[in-house]
Amino acid sequence: MMNSELLRGLSVIWSLFHILILFIMLYRSRFPQRKTIILTIVGMLPLIVLNVGGLAVLGVDQMGRILIFSCTLPSLFFFYWISKDKKWRFLFTFCLADTAAYWLLGVTNLLDFYLGGGKCVIMLVSRLLLFPAAEWLAFRYLRRPYIELQDSVSKGWGLFALMSAFYYVLLNMALNQPTVVTGRPEAVPVAVMILVLMPLTYATIFASLYRQLLLYRKQQEELIWKEQNIQLEARLENQQNIRKLKHDMKAHSIALSGLLSAGKIEEAQDYMQNMVNDYERETSQQQFCVNPYLNSIFSHYAQKFERAGVAQKLDLQIGEEDLPFMELCQIISNGLENAWNAVEQLPRGQREVSVQLRYSREYLMIRMKNRCSPELFVEKGSLPPSSRGGSEHGFGLRTIQDAARRLGGEMICYTQEGYFLLDVMIKTDRKEMPLSA
């Protein structure tokens, strides 16, 4: 009897440590890795010792009934404090790890009772093997896509979290209430059905989440293609300008040759100066900032706005510093596209767009402002409805919001006195104000 209790105690200690490891693989801390490890040891080690001591004093039956209060809720509050993800995303991650571990505990308990005679040998050996196997599977196949899902999927977590919490309570009631299920033979079939149903439910949840992840990846690829297309169009326009310049040079050469042949030196010099002025005027319109990626986007939309009679103002206080151009291109191109969708619906005399990029300490501040329909009202903290009968406008703003958050920043949009304002801040490594381009 003593040997079986010792084996049971060792298996419980092993399980408690690995429940913690399984959860750590799936959640994201708001602290650096070293601080997270120290906080986890300081916060969770006493809790594990307390529960192991309670197991030795009160026994398996009593501890199984109060496990939610002695272990689950304290660890829930602790990890919520250090977690980066809050609310439903955190709750789902917590319940996912706990129910998966609870499922392993229930399965190994039943295997030991029916195959090992309740001597706890099979319980200990199976837990020694199954918990590391579950952690390897989580690390190998689940961790990376799951973290990507938390970044890309914003809705649906509440339903999944409630479902997971329900399964946790259901497993606790089926396996431990009012006593351990192995002492209630009539309850074993129900417990087994719950143990079979739970993995199927989680498979359905993750299949749904994975489909959303694939959709998100497809949307991101479309955005990248759109930004690359903008850059290609800008390059094509530059090539056309070069061809036009070559063609004009032939005419200029003929004119200059005629003036020089006639001995009209001053007229030839004036002609040359006018050529230089025209060239500088044309090329200066294409150089908005030093960053080539952002400049291609600004060039594309500047020409688009100019052809449509849009009054535009650019104040770009950025230099040659390194910037996360992929996310910035997403933010700028989607913001300018939304501005274009708004101003093209207005009379030509009312079309206005302005863009400002400036630094405030370690943050790059982006403000886009454009005239909009007087009927449009957007409160701070909300997103406007689509003006095209679909989801393009809202999707573009959600993309800007996601890109800003990936860079440690935030986005806010609102309407004010007939204007639509889009403010974005992203965190950078710079502490000082850079020189303007």
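The preceding data block contains the structure.
Structural notes, computed from the coordinates. Please read all numbers here as calculations on a predicted model, not as lab measurements. (Residues numbered from 1 in each chain as written. Predicted model: local features only at pLDDT ≥ 70, side-chain atom pairs only at ≥ 80, totals over all residues. Heavy atoms only, no water.)

Section: the overall build of the protein
Cut-off, in case you're wondering: Strands here mean DSSP runs of E at least two residues long; helices mean DSSP runs of H or I at least four residues long; both are numbered from the N terminus. A 1.4 Å probe rolled over the protein chains alone gives each residue an accessible area, and that area as a share of the maximum for its type sets the label: buried under 20%, exposed over 50%, partly exposed in between. Here a residue-residue contact requires only that any non-hydrogen atoms of the pair lie within 4.5 Å. Per-residue and other accessible areas follow the Shrake-Rupley method at a 1.4 Å probe size, with only the shown protein chains counted as cover for residues.
When its secondary structure is counted, the protein shows 11 helices and 5 strands. Looking at the protein residue by residue over its 437 residues, the buried ones come to 43%. Within the protein, contacts between residues separated by at least 24 positions form 73% of all contacts whose residues are at least 6 apart in sequence. Only carbon and sulfur atoms are counted for the fraction: they give 62% of the accessible area of the protein, which is about 24400 Å².

Concerning the pairing of strand E4 (residues 410-416)
We apply this condition: Here, a strand pair is defined by DSSP locating no fewer than two bridges between the strands.
Pairing between E4 and strand E5 (residues 419-427): 7 bridges, direction antiparallel. When the sheet's bridge partners are listed, Gln416 is paired in E5 with Tyr419.

Some remarks on the pattern of salt bridges
As a reminder, the rule being used: By convention in these notes, a salt bridge is any Lys or Arg side-chain nitrogen within 4 Å of a carboxyl oxygen on Asp or Glu.
Counted under the stated rule, the structure contains 4 salt bridges. Note that Glu337 is salt-bridged to Lys304, the shortest N-O span being 3.8 Å. In this pair, Glu337 is assigned in helix H10 (residues 325-343) and Lys304 in helix H9 (residues 292-307), connecting sequence segments 33 residues apart. Among the ionic pairs, Arg371 bridges to Glu352, the shortest N-O distance being 3.6 Å. Of this pair, Arg371 sits in strand E3 (residues 363-371) while Glu352 sits in strand E2 (residues 352-360); the two residues are 19 residues apart in sequence, bridging distant segments of the chain.

Details of the sheet that holds E3
Heads up, the rule is: Fitted lines through C-alpha atoms serve as axes, helices being fitted only where they are in contact, and the angles separating the N-to-C directions of these axes extend from 0 to 180 degrees.
Spatial strand order, E1-E2-E3-E5-E4: 5 strands in an open sheet with mixed pairing. What marks the edges here is a single partner per strand, and that holds for strand E1 (311-316) and E4. Within the sheet, the average angular offset between the axes of one strand and its neighbour, ignoring direction, is 10°. Two strands pair when backbone bridges link them, and E3 and E5 are joined in this way by 9 bridges, in the antiparallel orientation. Counterpart to Lys369 in the pairing with E5 is Leu421. Together, E1 and E2 form the strand contacts of H9, whose direction differs from that of E1 by roughly 160°. Along the sheet, H10 contacts E2, E3 and E5; its crossing angle with E3, the most-contacted strand, is approximately 15°.

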